Structures are given as structure tokens and as C-alpha cells.
Amino acid sequence: MAKLKKTIGNLCIIFVSVFVALLVCEIAARITLNPVDYLSPKLISDDVLGIKLPPGSSGHDAWGFRNKEIVKTADIVAIGDSHTYGNTARMSESWPSVLEKLTGKKTYNLGMGGYGPNQYAYLFESKALSLKPQTIICAIYMGDDFDNAFELTYGLDHWKYLRTPEFPPLDTWDIWERDRNLSFNKKIRNWLSSNSMIYRLTIHGVFQRAKGKYQIQHAATLYEDTTTLLLKDKNIEEAFRPRRLLDNLNQESPRVREGMRITKTILKNMNNVCIAQNISFIVVIIPTKESVFSKYILSNDQMPLHNILAPLIANETSARESLIDYFNKENIEYIDMLQPMQNAVTTERLYAYTAADMHPNNNGYRVIAETIVKYLGNK
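Nothing here was measured: the structure is a model prediction, and the numbers come from that model.

### Digging into the overall build of the protein
Thought 1: Helix and strand counts for the protein stand at 17 helices and 9 strands.
Thought 2: Across the 379 residues in the protein, those meeting the buried criterion constitute 49%.
Thought 3: Here the protein displays about 18900 Å² of accessible surface, and carbon together with sulfur accounts for 55% of that area.

Below you can see the structure in the form of C-alpha cells.
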């Protein structure tokens, strides 16, 4: 019995020591590093935006956005989703931050993951204009912005003025439904990602390269509806998850077409307000990862899920052409990021080295910023 008590006592000492060590490391990490660069944002519900980050969240400004502080005025205001927020990159590596460094113009980032055209319009009116900018840049992500526009318009009554009688309101619209359907293990990992710097530094930092390589090599068995493009001679190792993107871009879908109509209406209204206030308004078109690698995907017809990838690329091409035609008709300035991203894929990795996240990395965001700088310089 005495031996058992001693063993239990030693185990308790080890447990307490490990706990204290992790706690000290966690505190040290939060003091020396910016939590916004590592912890996943914890969102809450909102009747207008659908979801939002609580103001004053760790590492974010008082408005709840990824900036050091709220400014009284900004030369440039960037509005967008996670591609503008800068998922998978540090705050200083998001394209609005890089744009500020390259131009020397104060740039305020109004990007937030999960947002779409409706949220862009609300932030434009409630936040962006109050900063009295010279330029407002609105980034449209081809992968899900049209679907987001439809869901918010027909899911929240605040946006019913954008509805048409053809579509009834969504009876069961619920932004948190996908989270509730996650496995217990996934929920635990998500909690750790939002609350533990040590977890993020270890899993998404120290071991990210090895983890990413393993994920890409075993993507088909690790993740549902995931495929890979492996071209050693081109230095390309990429994973793709195209099925949902095809649903979001299917040009034969009335829901997608309605989402595109809503998106175009919102952007036109934003442009008209900017014209009236002598503000330069520019739409940045951000392509899906699949379209960026379309040249290599379409020439590899034996690639798994090619029957999903090919129509996805074709539908995205049609959607992009429709947007550009509309912008030209309505005199809305735009920058298409497809060609610049395609030009850079063989010289450097532009996307996060993982099969679980399809966002650009710091290199991809830099290409976006450099393309915008070039456009502004030619105006």
C-alpha cells in the first residue's frame, strides 16, 4: 500500500509539474507573441452580420478587427473575408498589412473569416466611410461569396430588402450548424486552437512542415472529397477540396445566380456611394486555389476528382466573366488576381502547406498586395 501511495504521489507531482510548466510557457508566449497571429478567433452570433468577433478580443482592436488599433482616418480601407483577414499568416503578412508597407499609406483591415458581400456592405457603411479613406478595396472571393450573399439575404431579416419573391426565406438558416456536427475530437482541437498558444505553436508551427507533407501525401484517406496535385518537376505539391466549391459556383443553380445578382447589386451600391463622396472604389477578385492551378489540373485528367475539378474551373471562369462584364458595364474598377497568382505558382509556394486549409500563405498574400500596388501605380 505504501508503495502504491508513493507511486500515486510521484504521478501527481509529475502531473502538477507538467501543468505548471505548460502554464508558464503559455503565459510567456502570450507576453512575447501576438495572440492574433496564432489563436483562432472565437466568433459570436449577430442579427445583422450573422457572426462577429467580440470587440476587444485578444490581439484585435476595439472594433474586433485584425489591426493594432482603430485609427481616426485611413488612406486605404480593405474589406473582405478570411483572405483579407489573412488566415494562415501573421497579421503583418496579410495583404492589407503588406499593402501598407509597400505604399506607405495607412491601411485599415476590415476583413473577417466567414464574411461575404452583405457583411462587406454593412462594414462599408458603418465603419469604412467613417475613416474618410481615399480608397476602399473590397475583395470578392470566388469560392463562397455568392453563396454567402444568398444565405445572409434569405436567412436574416435585416437583409430582406435585397430579396425577390422567387425565393422564400430560409427556415432553418443557422450559422453554427456545421460546428455542432463536428466530431468530439475536432471540437477539442478547435477549442485548443482558440485558447492555447502552446498548442498552436506546436501543432501549427514546429511540426507544420512535417504535418503538412503527411496530410498532402495521404489527403485522400485523411479527408473526405480531397485530392492532390503532385508535380515534382514543377515543385507543386497541393491539395484541393473542390466539391463544395462547385456547388457554390454552379452557374445552372438558381441559388448561385441569385447570390451573384445580390453581390453585383451590393457592389454597385458601394461604388455609387464612393463616386458621390469622391472615394476610389476597387473590387479585387480572388480566385479559388483550383483555378490558380487550372493549367495543371486540366492537363491531368487521371487526377482523382477530376470530374469535379474540371466543371468547377469552367463554372468559375463563367462566373468571373459575368462579374467582369458587369464591372465594365457599371464602370466599377477591379483587379483580377487570377493571372498574377498563376504566374507565381511555379516559383514559390503560395498556399498553406496543408490538406486541411486552402488559404494562401504569406507569399500568396504578398502577391495580392504587390498586384494592387502595381495597379494603383498605373492609375
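### Overview of the pattern of salt bridges
Thought 1: Per the counting criterion, the structure on display carries 17 salt bridges.
Thought 2: Close ionic contact of Glu93 with Arg90 constitutes a salt bridge, the shortest N to O distance being 3.6 Å.
Thought 3: Overall, Arg90 belongs to the partly exposed group, its relative accessible area being 40%.
Thought 4: For Asp336, the salt bridge is made with Arg320, and the minimal N-O distance between the two is 3.6 Å. Of this pair, Asp336 sits in strand E9 (residues 333–336) while Arg320 sits in helix H15 (residues 306–330), and the two are 16 residues apart along the sequence.

### Some points on the packing of aromatic side chains
Thought 1: Scanning all chains against the criterion turns up 9 aromatic pairs.
Thought 2: Taken together, a centroid distance of 5.8 Å and an interplanar angle of 75 degrees make the contact between Phe240 and Phe293 edge-to-face. Here Phe240 is found in strand E7 (residues 236–240), whereas its partner Phe293 is found in the loop between helix H13 (289–292) and helix H14 (294–298), with 53 residues between them in sequence.
Thought 3: Among the residues examined, Phe240 registers a relative accessible area of 0% and is labelled buried.

### Considering the nonpolar core
The tendency in soluble globular proteins is for nonpolar side chains to be buried side by side.
Thought 1: Core analysis: the biggest nonpolar cluster contains 94 residues, and Trp95, Ile136 and Phe293 have the highest contact counts within it.
Thought 2: Per element, the largest residue contribution to this core is 9 residues, and it comes from H15.
Thought 3: One finds Ile216, Ala239, Tyr353 and Met358 within the second-largest nonpolar core, a separate group that totals 7 residues.

### What to know about the layout of surface pockets
Thought 1: Each pocket or cavity is described by its volume, and for the second largest pocket that value is around 300 Å³.
Thought 2: Along the wall of the second largest pocket there are 18 residues; nearest its centre are Asn67, Lys68, Met91, Ser97 and Glu100.
Thought 3: Counting residues per element, the ones that place at least two in the lining of the second largest pocket are helix H3 (95–103) and strand E4 (107–111).
Thought 4: Its residues placed into classes, the lining of the second largest pocket shows 4 nonpolar, 6 polar and 8 charged.

### Examining the side chain of Arg163
Thought 1: With respect to the element layout, Arg163 can be found in the loop between helix H5 (145–155) and helix H6 (177–180).
Thought 2: Among the polar contacts listed, one links the side chain of Arg163 to the backbone oxygen of Thr153, at a separation of 2.7 Å.
Thought 3: Each residue touching Arg163, except ones within four places of it in the same chain, is listed here: Thr153, Tyr154, Gly155, Leu156, Asp157, Pro169 and Arg261.

### As for the packing of H3 against helix H17 (residues 362–378)
Thought 1: Running from N to C, H3 and H17 cross one another at 45 degrees; their axes reach a closest spacing of 8 Å. Here H3 lies oblique to H17, going by the angle between them. Crossing of H3 against H17: the hand is right-handed. Along the contact surface, H3 presents Trp95, Val98, Leu99, Leu102 and Thr103, while H17 presents Tyr365, Arg366, Ile368, Ala369, Glu370, Ile372, Val373 and Leu376.
Thought 2: When its residues are assigned to classes, the contact of H3 with H17 shows 10 nonpolar, 1 polar and 2 charged.

Cut-off values and rules
Residues numbered from 1 in each chain as written. Predicted model: local features only at pLDDT ≥ 70, side-chain atom pairs only at ≥ 80, totals over all residues. Heavy atoms only, no water. Helix = DSSP H or I, 4+ residues; strand = E, 2+ residues; numbered from the N terminus. Buried < 20%, exposed > 50% of the residue type's maximum accessible area, 1.4 Å probe, protein only. Areas by Shrake-Rupley, 256 points an atom, 1.4 Å probe, with all protein chains shown as cover. Salt bridge = Lys/Arg side-chain N within 4 Å of Asp/Glu carboxyl O. Phe/Tyr/Trp six-rings, centres within 6.5 Å; stacked < 30°, edge-to-face > 60°. Core = buried A, V, L, I, M, F, W, Y, C linked by side-chain atoms within 4.5 Å. 1 Å grid on protein atoms, 1.4 Å probe; cavity = no way out; pocket = protein on both sides within 12 Å on 5 of 7 lines; lining within 4 Å. Points joined across faces, edges and corners; volume = space filled by probe spheres on them. Nonpolar A, V, L, I, M, F, W, Y, C, P; charged D, E, K, R; others polar. Polar contact = N/O pair within 3.5 Å; in protein donor to acceptor, adjacent residues only side chain to side chain. Contact = heavy atoms within 4.5 Å. Axes fitted to C-alpha atoms, helices over the stretch in contact; angles between N-to-C directions. Parallel < 35°, antiparallel > 145°, perpendicular 65-115°, else oblique. Left-handed = near helix turned anticlockwise from the far one by under 90°.

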